[in-house]
Amino acid sequence: MKNLFFIFFIAVLLTACDEPVVKIAAPATAKDLVLTYEMVTNTYQKKDQSLNKFTIQNNSEGSWGANWTIYFNQTRSIVDNTIKGDVKITNINGDYYKIEPAKTFKTIPSKGKLTFTFETGAWIIKNADFPCGFYIVFKDSTGKDLAPELLSNVIYAPLNKAEQTNRIPNDSIPVPTAESRYEKNLLISDLNEGEYCPIIPTPTSYKKENGEYKITGNTILFYDKNLKTEAISLQATLTKFLRTELEIREGKGSGIELRTGAKSVKGAYSLKVSDKGIVISAFTPEGIFYGAQSLRALIPVADFKRNLGSVIIPACSVTDVPKLEYRGMFLDVARNFHSKESVLKLLDLMAFYKLNKFHFHIMDDEGWRLEIAALPELTEVGSKRGHTKDETDMLNPTCGSGPFADAAKSNGTGFYTRKDFIEILTYAADRHIEVIPEMDFPGHARAAIVSMKARYNKYIKTDAAKANEYLLHDPNDKSKYSTEQHYNDNVICVAQESVYKFLDTVVTEISDMFDEAGVELTTIHTGGDEVPHPTLKNPEEGAWVKSPICIDFMNKSEQYKTPRSLFYYYVSRFNKILSDKNIITAGWEEMGLLKQLQDSVETIEPNMEFANKTVVPYIWNTVWGWGNEDRGYKLANAGFKVVLSNVSNLYFDLANDKDPLENGYYWGGFIDLKKTWSFTPFNIGNGISQDRMGHSLAPDYMKTLTPLSTKGKSNILGIQGQLWSETVKGKELMEYMIFPRMIALAERAWNGDPSWKTQSEQDLAWNQFVNTLGKRDLPRLEYLTKNNSINYRIPLPGAKIENDQLYANMEIPGFTIMYSTDNKTWTKYSAPVAVKKGSTIYLKASNSKGRDGRVVTITAP
């Protein structure tokens, strides 16, 4: 029996040895995965949508089962029932998606691939449109989620085919090439120093005179009694160029004088430089400050890079009057957070270019960025984004912010403490810049809503009254809607009293911060845009339609009977909170419009109820060809004070051009430097002939628009540039998107409508502007900040090859053009260069500090 058992055991063992050996893989990690994304084509199936493809490659030694979920962000919505492959893709909310194995999924074998496709509801023509922020969550053997891991091996296929770069079949806007840039740049010539004004914004009058004045350490700065602050500011500026601190002294004398002048427009000044001294005169301290900025602009650019102990200022006479009262710059820090240091740097440069309003967008769906002591949840929860099961601790990732709520690793997390905010206020006030904080409601309120839900959950078991005290949503609301950013829960319940207690509490704390900073709070921007109202097509969908609290309110109200009308109830209530505190109510254009559904027609007209309540609309939705271009003029003509923030010229988050690598959106068109510079606030149609697709507007299109009346012109307060931050991650990209376009904004904000009337006059003025910009302002720009660094956009060279000769040029003079035949060894371009037939030439521009712009190529025929 023993022998029989031994023989049986050996037989079983030999049989087992004949079976193939199965590899037991180590636990999978994100490093084992390579994710490739390809946008295959736009106008897929002849619709305004795109076909997209993902490939997941398993580089591990073992097979992958169905124990993973990939999360990502994507601005384009995925069309229902278009996913082909063994996965399912779910929209969690907004731009936040997850990819999971479908029931048909079996495994991804070692070194194998999983490929699947899907369609999006709009075109994709830029890298900025690509899905981003990928991370993966594995499950352990018990089905429990493991810690999220970033996916670092993500490959994006380039967009280099017509079907990938055209939005529609007859998209007439081309992707720029070296050749097209060269032709465009032929308008620019290299001017001598005396052929352009050295100051931007261009003064009302500038006259170069004979002589110069030398500022040394022995020069005395005199000032009139009420101008000590401006004297100290100018002293600090000039000390950087000297080897000692300049003496300042109240009174008059020989040297530099700051004088109170005759009554004039706020901000106006005169500047006189002669061999006897320098005199800046103005009626207001603000004017003296602006005169000092013009004096800084006259300092030789080379002196900003060195300290010789003296500065020579060429003799001149300047008389200058701002044409627009409101000269603004907007910064969104909610979608992606930007540090206090980045804000202070922006304020420094705004001040130099005489911009005087800083519109601070500190809260939105994607983040709440200001500490409010009475409501700590706003920053404990609402300032953070990361991987979360139920958003009780933080918001979901968005804009590619990733799974980790770490401000050092993610642009999705961060906020300003009370101390930070007060420092920003005082810093701005010292530079004659008014900060206008924005509280964006009733839509765009998701960060606040989620934060107050967290507060509710914190207290509901111990103190129901406290839990409900600041609640912003109706827990029983069954309304269905999808916003422009694809959120379905970002609108506050405006019929709920706790909403107005919340608003009043936040306004009070912001006001207290202004008081502590010693700065007057004059205006709060209240948002009001993009509320998803019911439409003719979908009358049963929209905010407040199925909210029991709102329905009960409408049933009892004599004035507000429809969900749409509740918006105006909210505006009235918020306006009263602000007016009771002597604060002006500003908002996006929707705040001044009455939108109604009447007899199966949607009507939009100025809401005269709010014209009489000093509501200030900011005009934004002015895409050429959409029919809304004159909306600002209609509101101004109706009596509203208006700020023009037109997307068609002033949205700096829009891409400079159609190059797929050029960051930014393009829903309102492409906004290059010249488009901002050529904006004419009092004649917006001047020079406009095409829509955003490059199609010619109808010959009589301009006649369909309402002209600006004389009364309306007096109601245009000014203009404002905007940087929304969905695609702007980090300070380098923030600076790249703002500069140098903000300098063009400053030129137009100070001078209003330009003086040129003909195309040749415009060409001459443009040439002078870019010569000043390239030879003085951009080389000096980095030295105007504390760390002597600013990542402004360096334009790409233009080039052509003709008769085997390479020709190159620049949109902005002052840069060095470099060329190479191998993208390794670079040579300075100074004159046409012989090239070989069929060769590829690489070109780039370098600035005065040696920083390079992007490389472009051209191939010799």
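Residues numbered from 1 in each chain as written. Predicted model: local features only at pLDDT ≥ 70, side-chain atom pairs only at ≥ 80, totals over all residues. Heavy atoms only, no water.

(A) Molecular detail of the environment of Tyr71. Mapping Tyr71 onto the fold places it in strand S3 (residues 68–73). Between the alpha carbons of Tyr71 and Gln690 there is a distance of 40 Å; along the sequence they are 619 residues apart. In this structure, Tyr71 is in contact with Ile92, Tyr96, Tyr97, Lys98, Gly133, Phe134, Tyr135, Val137 and His387, ignoring residues within four places of it in sequence. (Helix = DSSP H or I, 4+ residues; strand = E, 2+ residues; numbered from the N terminus. Contact = heavy atoms within 4.5 Å.)

(B) Inspection of helix H13 (residues 563–579) at higher detail. With 17 residues, H13 should cover 24 Å at 1.5 Å per step; its first-to-last C-alpha distance of 25 Å lies within 8% of that length. Counted residue by residue, H13 has 14 buried out of 17 residues, so it is predominantly covered. (Expected span 1.5 Å × (residues − 1). Buried < 20%, exposed > 50% of the residue type's maximum accessible area, 1.4 Å probe, protein only.)

(C) Geometry of the pattern of salt bridges. Using the criterion set out here, one finds 46 salt bridges in the structure. Here Glu589 makes a salt bridge to Arg631, at a shortest N to O gap of 2.7 Å. Taken together, the residues Glu589 in the loop between strand S23 (584–588) and strand S24 (593–598) and Arg631 in helix H15 (residues 631–637) connect sequence positions 42 residues apart. Given a relative accessible area of 1%, Glu589 falls into the buried group. For Arg631, a relative accessible area of 10% translates into the label buried. One salt-bridge network, held together by shared partners, links Arg181, Asp657, Asp659, Glu662, Arg793 and Arg854. (Salt bridge = Lys/Arg side-chain N within 4 Å of Asp/Glu carboxyl O.)

(D) Summary view of the pairing of strand S2 (residues 50–58). Among the 9 residues of S2, 7 are classified as buried, and the element is accordingly described as predominantly covered. Judged from the 8 bridges that link them, S2 and strand S6 (residues 113–120) form a sheet pairing that is antiparallel. Pairing of Ser50 across the sheet is with Thr120, part of S6. (Pairing = 2+ DSSP bridges.)

(E) Summary view of helix H11 (residues 497–517). If you check H11, its first and last C-alpha atoms are 31 Å apart, about what 21 residues at 1.5 Å a residue would give, namely 30 Å. After H11 finishes, the residue Gly518 shows a positive phi value of roughly 75 degrees.

(F) Quick look at the sheet that holds S3. If you walk across this open sheet you meet the 5 strands as S4-S5-S3-S7-S8, and the pairing is antiparallel. If you trace the sheet from one side to the other, it starts and ends with strand S4 (87–93) and strand S8 (149–150), each paired once. Summarising the sheet, strand S7 (residues 132–138) and S8 pair through 2 bridges and their orientation is antiparallel. Its bridge partner lying in S8, Tyr135 is registered against Leu150.

(G) Looking closely at unusual backbone geometry. Ile200 connects to Pro201 through a cis peptide bond whose omega is 0 degrees. With an omega dihedral of 5 degrees, the bond running from Phe441 to Pro442 counts as a cis peptide bond. Within the secondary structure, Pro442 sits in the loop between strand S21 (434–441) and helix H9 (446–459). Look at Glu391: it is not a glycine, yet its phi comes out positive at around 65 degrees. Of note, Glu391 is situated in the loop between helix H7 (377–380) and helix H8 (418–430). For Glu391, a relative accessible area of 11% translates into the label buried.

(H) Representation of the sheet that holds strand S15 (residues 277–282). The 7 strands are arranged S10-S16-S14-S15-S13-S11-S12 in an open sheet whose pairing can be described as mixed. The open sheet is flanked by strand S10 (205–216) and strand S12 (247–250), the only strands paired with a single partner. Within the sheet, the average angular offset between the axes of one strand and its neighbour, ignoring direction, is 20 degrees. Bridging between strand S14 (residues 269–274) and S15 involves 5 bridges; their strand directions are antiparallel. In the strand pairing of S15, Ser274 is matched with Gly277. (Axes fitted to C-alpha atoms, helices over the stretch in contact; angles between N-to-C directions.)

(I) Seen up close, the side chain of Ser451. Of note, Ser451 is situated in helix H9. Here Ser451 falls in the buried class, since its relative accessible area comes to 0%. The contact partners of Ser451, leaving out residues within four places of it in the chain, are Glu377, Leu378, Val381 and Gly382.

(J) Examining the environment of Thr413 more closely. Mapped onto the elements of the fold, Thr413 is located in the loop between H7 and H8. Among the residues examined, Thr413 registers a relative accessible area of 7% and is labelled buried. On a C-alpha basis, the gap between Thr413 and Gly382 in space is 8.9 Å, while along the polypeptide they are 31 residues apart. Filtering out sequence-adjacent residues up to four positions away, Thr413 remains in contact with Phe337, Arg369, Ser383, Lys384, Arg385, Ala405, Asp406 and Ala407. For Thr413, the side chain forms a polar contact with the main-chain nitrogen of Arg385, separated by 3.2 Å. (Polar contact = N/O pair within 3.5 Å; in protein donor to acceptor, adjacent residues only side chain to side chain.)

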